[in-house]
Amino acid sequence: MSNVRPTLRVVKILKKGSKLPSEVASVYESASRIDDPRAKFDKLREIDLDNLDVAVLGVARSQFAAETLDTHKSMSREADRPVYEVRDRESPAWRGAVIRLAGDEDAWMVHADRHDEFNDRGFLVIRAMKKKGTLGPSSMDRKLRDDRRGAQQEGLAQIELLQALLAAMRKSAESEAETVVALPSIAALATSQLRVHVRAVFDDWDPGDAHEYVEDLSVTMRMPAADSAAARDWLLKTCVPFIQPDTSMQDPLYNREGLSVVLVVTRGRLMQLLATDDSDLPTAAHTPPPPQQLHYTGKVGLTKAYVEGNAVRAVCGQWWIPIGDESTHVDLPVCPECAAEKPFADGALSLLQRGTD
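Residues numbered from 1 in each chain as written. Predicted model: local features only at pLDDT ≥ 70, side-chain atom pairs only at ≥ 80, totals over all residues. Heavy atoms only, no water.

Novice: Mind showing me how you'd approach the sheet that holds strand E5 (residues 106-114) here?
Specialist: Each strand in a sheet pairs with another by means of backbone hydrogen bonds, the pair being arranged parallel or else antiparallel. Within the open sheet, the 5 strands sit side by side as E1-E5-E4-E3-E2. Their pairing is mixed. The open sheet has two edge strands with one neighbour each: strand E1 (3-6) and strand E2 (70-71). Lying on the sheet, helix H6 (residues 115-132) is in contact with strand E3 (84-87), strand E4 (94-99) and E5; it crosses E5 at an angle near 130°. Contacts from helix H7 (residues 139-175) reach E1 and E5 within the one sheet, and its direction differs from that of E1 by about 130°. (Pairing = 2+ DSSP bridges. Helix = DSSP H or I, 4+ residues; strand = E, 2+ residues; numbered from the N terminus. Contact = heavy atoms within 4.5 Å. Axes fitted to C-alpha atoms, helices over the stretch in contact; angles between N-to-C directions.)

Novice: Help me out: how do you make sense of a positive patch on the surface in this one?
Specialist: Positive charge collects at one region of the surface, where Arg9, Lys12, Lys16 and Lys132 lie side by side. The element best represented in the positive patch is helix H1 (residues 8-16), accounting for 3 residues. By the element assignment, Arg9 lies in helix H1. With a relative accessible area of 37%, Arg9 lands in the partly exposed category. (Patch = residues over 30% accessible without salt bridge, like charges linked within 9 Å, V, L, I, M, F, W, Y side chains within 5 Å. Areas by Shrake-Rupley, 256 points an atom, 1.4 Å probe, with all protein chains shown as cover. Salt bridge = Lys/Arg side-chain N within 4 Å of Asp/Glu carboxyl O. Lys, Arg positive; Asp, Glu negative; His and termini not counted. Charge placed at Lys NZ, Arg CZ, Asp CG, Glu CD. Buried < 20%, exposed > 50% of the residue type's maximum accessible area, 1.4 Å probe, protein only.)

Novice: I'm lost on the packing of aromatic side chains in this one. Help?
Specialist: Between two aromatic rings, the relevant description is the distance of the centres plus the angle of the planes. Within this structure, the stated rule accounts for 1 aromatic pair. Ring centres of Phe64 and Tyr84 lie 5.7 Å apart, and the angle between their planes is 90°; this geometry places the pair in the edge-to-face category. Separated by 20 residues along the polypeptide, Phe64 in helix H4 (residues 55-66) and Tyr84 in strand E3 bring together distant segments of the chain. You'll find Phe64 and Tyr84 in the same group, each marked buried. (Phe/Tyr/Trp six-rings, centres within 6.5 Å; stacked < 30°, edge-to-face > 60°.)

Novice: Sorry, what's going on with the pairing of strand E9 (residues 250-255) here?
Specialist: Here is the key point about a regular strand: its side chains alternate between the two faces of the sheet. Across 6 bridges, the pairing between E9 and strand E10 (residues 258-264) is antiparallel. Of the residues in E10, the one forming a bridge with Pro252 is Val261. Linking E9 to E10, which pair antiparallel, is a turn of 2 residues.

Novice: Sorry if this is basic, but what is going on with the sheet that holds strand E6 (residues 179-181) here?
Specialist: Reading across the sheet, the 5 strands line up as E6-E7-E8-E10-E9 and stay open at both edges, with antiparallel pairing between neighbours. The open sheet has two edge strands with one neighbour each: E6 and E9. Sheet twist, expressed as the mean angle between neighbouring strand axes with direction ignored, is 25°. The pairing of E6 with strand E7 (residues 194-199) spans 3 bridges and is classified as antiparallel. Paired with Val180 across the bridge in E7 is Arg195.

Novice: Just checking my understanding: could you explain the nonpolar core for this structure?
Specialist: Nonpolar side chains tend to gather and get buried jointly when the protein is soluble and globular. If you look at the biggest cluster of nonpolar residues, it comprises 35 residues, and the most contacted ones within it are Leu165, Met169, Val196, Met221, Leu235 and Ile243. The leading source of residues in this core is H7, at 10 residues. Discounting chain neighbours no more than four positions away, the residues touching Ile243 are Leu165, Met169, Val219, Met221, Leu263, Val265, Arg269 and Leu273. Grouped together as the second largest cluster of nonpolar side chains are 29 residues, Val4, Ala60, Trp94 and Leu144 included. (Core = buried A, V, L, I, M, F, W, Y, C linked by side-chain atoms within 4.5 Å.)

Novice: How should H4 be read in this particular structure?
Specialist: Helical geometry note: an α-helix holds 3.6 residues per turn, so side chains three or four residues apart project in the same direction. A rise of 1.5 Å per residue sets the reference length of H4, with its 12 residues, at 16 Å; its end C-alpha atoms lie 17 Å apart and thus fit the reference within 8%. Along H4, the positions that sit buried rather than exposed are Val56, Leu57, Ala60, Arg61, Gln63 and Phe64. Contacts from the buried residues of H4 go to E1, H1, E3, E4 and E5. Phi turns positive, to about 55°, at Glu67, one or two residues after H4. (Expected span 1.5 Å × (residues − 1).)

Structure follows, in structure tokens:
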């Protein structure tokens, strides 16, 4: 079954015809004023084109799902391929032209207009697009589609990872032993191994006080040193904030054995985690809270972290995720451990640089 997506050209037409939801129209208007291609793309990503709530698109999706399609003869003749016509029942009624390209999993609405105008000039629009070679999705349309598909797949992998993490935590809590997490089959984690150890005392728990006590309660997760940066980011951006979003209760450190993250949780939080139902698992990427102090980090790694939102290792040995850009952090206090270690790190770097001259 094909999904029907509108091209950005159609989104523009729908906005001009006041057919877009107000919040979508606002995002599109903002994107249209951006010149930088990357920034424009990032803005357009905010629009869910797979599920855009517009009547003529809803009709198109229903008809493609039911395979009850009407072919527009004059448009099909101009396009040298089937062009399907869809009609909504709103007033004023709109019509859309949809094509399905060979080898493409989606169908694309390439034109839309009010009822009368669609019949009068629609075939001319199709003819012009065919002549210019623009009859179909643009490179930006495909890029947005592929990005959305990637995000959907990542969301499914995130749920699978958290399901496996919770299963391992329950087993570890019962056995009081470190337990291997069954990782999802995705490229980023293909060669990785994640272990979790829940240390807790379950005797004489009073549920009424469970939210207050943290003694003897911690969750330790370990990843081998040879693991990829992508695997480390899955741990720090998906698993860690799910268990303990409070950065002051997180202690991520790196040594010869790999990355180890100790998370301190209350009894109440641990009880809540172990009883979590799959329906309560997050389906979107976690947005880390802004850092409370500034860590010293290599310039190249820090710049990349600002752009990609990935974790980066500080001079003090901790991993942290910068939020914003360099100007966002100018007023933050400097981590005292980084301040103490930076002169030694700079000296070591200087010696290494001299050694390669």
